[in-house]
Amino acid sequence: MAEPEQRQSAGQRLGAQESLGISTLEHGHRPPAMPPGRRISVRVHMLDDTEEVFEVSQRAPGKVLFDMVCTHLNLIEGDYFGLEFQNQHKMTVWLDLLKPIVKQITRPKNMILRFMVKFFPPDQAQLLEELTRYLFALQIKYDLACGHLTCNESSAALLVSHIVQSEIGDFDEIQSRQHLLYNKYIPEQDALLDKILECHRKHAGQTPAESDYQLLEIARRLEMYGIRLHPAKDRENTKLNLAVAHTGILVFQGHTKINAFNWSKVRKLSFKRKRFLIKLRPDLNSACQDTLEFLMASRDCCKVFWKICVEYHAFFRLFEEPKPKPKPVLFTRGSSFRFSGRTQKQVIDYVKDSEFKKIPFESPRLSDSSGASQGLVNGQRQALTPGPSPDGRQPSPLTSPLLNDAGCVRTDDEDELRRKRFPTDKAYFIAKELLTTERTYLKDLEVITSFQSLLEKEEAAPDSLGSMVSANYDPLHKFHADFLKEVEQRLALWEGRSNAHMKGDHQLIGDIMLKNIQGLKQLSAHLQKLSEVLLELERACRASRRLEVLCRDLELQKVCYLPLNVFLLRPLHRLMHYKQLLERLCKHYPATHVDFRDSRAALADVSEMVAQLHGTMIKMENFQKLLELRKDLVGIDNLAAPGRVMVWLLEIIAITHDSPFRLLCFKEFIRLGCLSKLSAKGLQQRMFFLFNDVLLYTSRGMTASNQFKVHGQLPLYGMTIRESEDEWGVPNSFTLFGQRQSVVVAASSASEMDKWIEDIKMAIDLSEKCNGPSSNPLASGIPPQAKSLEDSALEQESEDDLSASRTSLERQVPHRGNTTVHVCWHRNTSVSMVDFSLAVENQLSGNLLRKFKNSNGWQKLWVVFTNFSLFFYKTHQDNSPLASLPLLGYSVTIPSESENIHKDYVFKLHFKSHVYYFRSESEYSFERWMEVIRSATTSACRTRILSRKESHPY
């Protein structure tokens, strides 16, 4: 009697060697011995729609069965997967690896477990094994088919088209249509049939490996990727869905994500009967409740969701498997459930260090006789018989494509190959900086277009303002949207991503810059009108409380990551960025370079535009800063009063048209920052604001808005200044002698003292040239006080004053805790108007890898540097930042050997105990990031900055 044919395991069908290892065991170990007891047969449904039967002791823990499945598959990274089944309450749950199987599966003969992906990482690059990645691809196809992975029609059609390309090859009208009629990949597929075929037609020549690569890449960017919804209700009885991801707890309404609670913000997760509770860490900047409560269908529903949350948190956030808690002697309280298995970090470290990573899986290959029409390629749901592999073994349809670039963690050798594959010319990196910063600039213009739409919808502003915004910003937005597309196309050609045979003729950027700078010159009239838009907006806000509230509410939205009036001036700032880029390009090119002539002509044109608008730009930047300071100060109302607005308008007209009005003197902001003021209580931290006619000193108010209350003013006319460290015994101290009052202050360092003294002396000179004795004090309600030095030293400043008077707080504004003023207060530093001007020039965008001090992995982020801060986005398409990092007070250095950062192009940011590492992609981008960040972290003296600003030879 012939022996029955032994069924091949998935690993054998892949052509892999025997005993490659199992998921949860270290190298060289064997699965745990089967416990004694009656054997039961358990059926497991695999991701390729096959069904396997495993014999296991009913007293064995779930881990024994799971390890048997992983061994059967020759799966090393099994910790990403789990066994799913329906319990006796008809609830879908995961097999607990610690509990005996008999306590979980009561009727094994009637039970089918599904082998599924349990933990979805954010990036396929974290999956190091070829088999693991392909199993994920099968999971994506399953989720599409059952409706778990929902997306818009375009994405759905594109995903299915890649599946079809992988399964039957290149597009053929009859075959492709027939294949889609017999195979359903998504619900309501028939309605998208034409769109799927249209997408499939574009994939001609794409291999199965490339098709699966695209499937993985597109799917992982979808909002519902890896999401399993758990129905719930909030306290208002609104129907919601809860889910868990690698980032934390997510809240959905239908299939739309409406909230997210990052693991770093979650203090505790618990459940009590039907109530699922999320206790958050206290956040002074948030109005969110301390504990959030959601009502689920039953206690069991709560417990199921709580368990998967505990497991997700442990898998993605912990370095190692949590140790079991000791059992109490008498009483127990709460669940004893804990995560069992390796964490993601342990899995990655194990696979990297093991020999298994070096054993490749065979990729599918079509034999010469099996064309696309045969359908013998990978990706089929049923096991077909593909052509033989080079070593004679039969590969399996489970074989994963080789996802070299995105499907594995790059080694140093691969980084080197990547650098060789992309252009290395400095001109390419200058062009790439143009692309990345243009993307950010266009997003900034979209904030203005959103503001314009808001004005039309709410009807809160006069028609003249809406017309002004529309008439001047719409043409600029359209122009730069077209310019960005042109730059993107040129970079694609330069990198060889399309029309590679034409690559050599497109390794230049000066021609595009010249063409578009000349086009931008045609829009000069709109650029010159931007100052009037800012003035009109300020005037309208003063006249309309409703418009003021509308602008304030817009600034509270995440998309408006800077003050609104900064966005209004962005087109003027962008001209300076073009000028800097072209200066670097002309400096790099030899005079004989084919792109030099166009670059030089473009630089000449943009330099002319910058020179024409330079005076307006300086005035408007100063005016914008006065408007911002007015929001931060209490007790001063006429920094940018209506009368001053008209003077400003005259001043700007004078600059533009060479009018005699240009001799008018105007309010000029010079420096703000922390100094310690000597009083009877000793040294007290105060915030000082220096203008060209007065020095204000303030303290931080104990109010919800955290504004600064003005305590006094020191007119600059006739003031003298003297260092007084020896006199008072206070380091870095100096005395300000006014005509009616003298004050002793101390800086945080000698360099800070030098900056203050230099700027105050300059301001004194300006006040004597322009104003003469001031008879109109700035601070309303705070008359100048004639005090001697002895009086000021004994001055009593009651902290009760900070909150006693509310006369100037009738218009409470929201919390302003992240403005530059507050950052200077917390970090005991100062910043000048020259620093603000440099910050306008030194803006940068691009991808960086970020690493925290105590973490091992690098996270890829889109980073925007502006306004002394880094703003972090997931990708450049995102509208609002995930987080921000103000850099005032930080130091930027290169990591030392002892920090074990063995990577190229890494810089380090640190302030006290806060340490961040950032890694750039090239030497050029590394130097640029270092340059712009140093401009924010190192405030140079005014004379040195101004002296280095020389006109370019071109």
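Looking at an unreviewed UniProt entry, one finds the protein chain named FERM, ARHGEF and pleckstrin domain-containing protein 1, with Scleropages formosus as its source organism.

A. How the structure looks around the UniProt feature "coiled-coil region" (unreviewed entry) in the protein chain. Those places that UniProt annotates as "coiled-coil region" (unreviewed entry) correspond, in this numbering, to residues 520-547. Helix makes up 89% of residues 520-547 and strand 0%, whereas the separation of the span's terminal C-alpha atoms amounts to 31 Å.

B. Spotlight on helix α26 (residues 923-937). Relative to the 21 Å expected for 15 residues at 1.5 Å per residue, α26 spans 21 Å between its end C-alpha atoms, a close match to the ideal helical length. Within α26, eleven of the 15 residues are buried, which leaves the element mostly enclosed by the surrounding structure. For α26, the full list of buried residues reads Tyr924, Ser925, Phe926, Arg928, Trp929, Met930, Val932, Ile933, Ser935, Ala936 and Thr937.

C. Representation of the pairing of strand β28 (residues 914-919) within the structure. In terms of burial, β28 is largely enclosed, as five of its six residues are buried. Where strand β22 (residues 844-852) lies against β28, four bridges are found, and the strand directions are antiparallel. The residue bridging Arg850 from the neighbouring strand is Phe918, located in β28. Bridge analysis of strand β27 (residues 906-911) against β28 gives six bridges, and the strand direction is antiparallel. Each bridged residue has a counterpart across the sheet, and for Lys908 the counterpart in β28 is Tyr917. In sequence, β27 turns back onto β28 through a hairpin of two residues, with Lys912 there showing a positive phi of about 55 degrees.

D. Main features of the nonpolar core. In this structure, Phe81, Leu113, Phe115, Phe276 and Ile278 are the most contacted members of the largest nonpolar core, which totals 103 residues. Among the elements that make up this core, the one with the highest residue count is helix α8 (residues 299-317) (ten residues). Aside from chain neighbours lying at most four places away, what touches Ile278 is Ile249, Phe261, Val266, Lys268, Leu269, Asp290, Thr291, Leu292 and Phe294. Counting 80 residues, the second largest nonpolar core, distinct from the first, contains Leu514, Cys551, Leu572 and Phe871.

E. Main features of the packing of aromatic side chains. Taken as a whole and judged by the stated rule, the model has 33 aromatic pairs. Relative to Phe136, the ring of Tyr80 has its centre 6.0 Å away and its plane inclined at 80 degrees; by these criteria the two rings are edge-to-face. Of this pair, Tyr80 sits in the loop between α2 (62-73) and β3 (81-86) while Phe136 is found in helix α3 (residues 130-146), placing the two residues 56 residues apart along the sequence. We classify Phe136 as buried; its relative accessible area is 1%. One aromatic cluster is present, built from ring pairs that chain together Phe66, Tyr80, Phe81, Phe115, Phe119, Phe120, Phe136, Tyr225, Tyr312, Phe315 and Phe316. Here the basic side chain of Lys625 rests over the ring of Phe836, its NZ or CZ set 3.7 Å away from the ring centre. Here the basic side chain of Arg850 rests over the ring of Phe872, its NZ or CZ set 4.9 Å away from the ring centre.

F. Highlighting a negative patch on the surface. Among the surface-exposed residues, Glu723, Glu725, Asp726 and Asp754 lie close enough to one another that they form a single negatively charged patch. Residue position: Glu723 is located in strand β18 (residues 720-723).

G. Quick peek at the sheet that holds β22. The antiparallel open sheet is built from seven strands, whose spatial order is β25-β24-β23-β22-β28-β27-β26. A single partner strand is all that each edge strand has here, and the edge strands are β25 (883-886) and β26 (891-893). Taken over all neighbouring pairs, the strand axes of this sheet differ in orientation by 35 degrees on average, direction set aside.

H. Quick look at the state of the cysteines. Counting across every chain of the model gives zero disulfides. Of all cysteine sulfurs, the one in Cys541 lies closest to Cys551, which takes part in no disulfide; the gap is 3.9 Å. Among the residues examined, Cys551 registers a relative accessible area of 9% and is labelled buried.

I. Local environment of a positive patch on the surface. There is a patch of like positive charges on the surface, built from Arg267, Lys268, Lys279, Arg281 and Arg317. Among the residues examined, Arg267 registers a relative accessible area of 52% and is labelled exposed.

J. The arrangement of the environment of Gln206 in detail. Tracing the sequence through the fold places Gln206 in the loop between α6 (193-201) and α7 (208-219). Sequence separation of Gln206 and Gln165 is 41 residues, and the distance between their C-alpha atoms is 7.5 Å. If we skip the residues at most four places from it in the chain, Gln206 touches His162, Gln165, Asp170, Ser211 and Gln214.

K. Structural view of the sheet that holds strand β5 (residues 112-117). Pairing within the open sheet is mixed, and its five strands lie in the order β2-β1-β5-β3-β4. Single-partner strands in this sheet number two, and they are β2 (51-57) and β4 (92-94). On average, each strand axis in the sheet is tilted by 35 degrees relative to the strand beside it, whichever way the strands run. One ladder, built from four bridges, connects β3 with β5; its direction is antiparallel. Within the sheet, the bridge partner assigned to Gly82 lies in β5 and is Met116.

Rules used throughout
Residues numbered from 1 in each chain as written. Predicted model: local features only at pLDDT ≥ 70, side-chain atom pairs only at ≥ 80, totals over all residues. Heavy atoms only, no water. UniProt positions renumbered as here; feature names shortened; annotations may be inferred. Helix = DSSP H or I, 4+ residues; strand = E, 2+ residues; numbered from the N terminus. Expected span 1.5 Å × (residues − 1). Buried < 20%, exposed > 50% of the residue type's maximum accessible area, 1.4 Å probe, protein only. Pairing = 2+ DSSP bridges. Core = buried A, V, L, I, M, F, W, Y, C linked by side-chain atoms within 4.5 Å. Contact = heavy atoms within 4.5 Å. Phe/Tyr/Trp six-rings, centres within 6.5 Å; stacked < 30°, edge-to-face > 60°. Lys NZ or Arg CZ within 6 Å of the ring centre and 35° of its normal. Patch = residues over 30% accessible without salt bridge, like charges linked within 9 Å, V, L, I, M, F, W, Y side chains within 5 Å. Areas by Shrake-Rupley, 256 points an atom, 1.4 Å probe, with all protein chains shown as cover. Salt bridge = Lys/Arg side-chain N within 4 Å of Asp/Glu carboxyl O. Lys, Arg positive; Asp, Glu negative; His and termini not counted. Charge placed at Lys NZ, Arg CZ, Asp CG, Glu CD. Axes fitted to C-alpha atoms, helices over the stretch in contact; angles between N-to-C directions. Disulfide = S-S within 2.5 Å.

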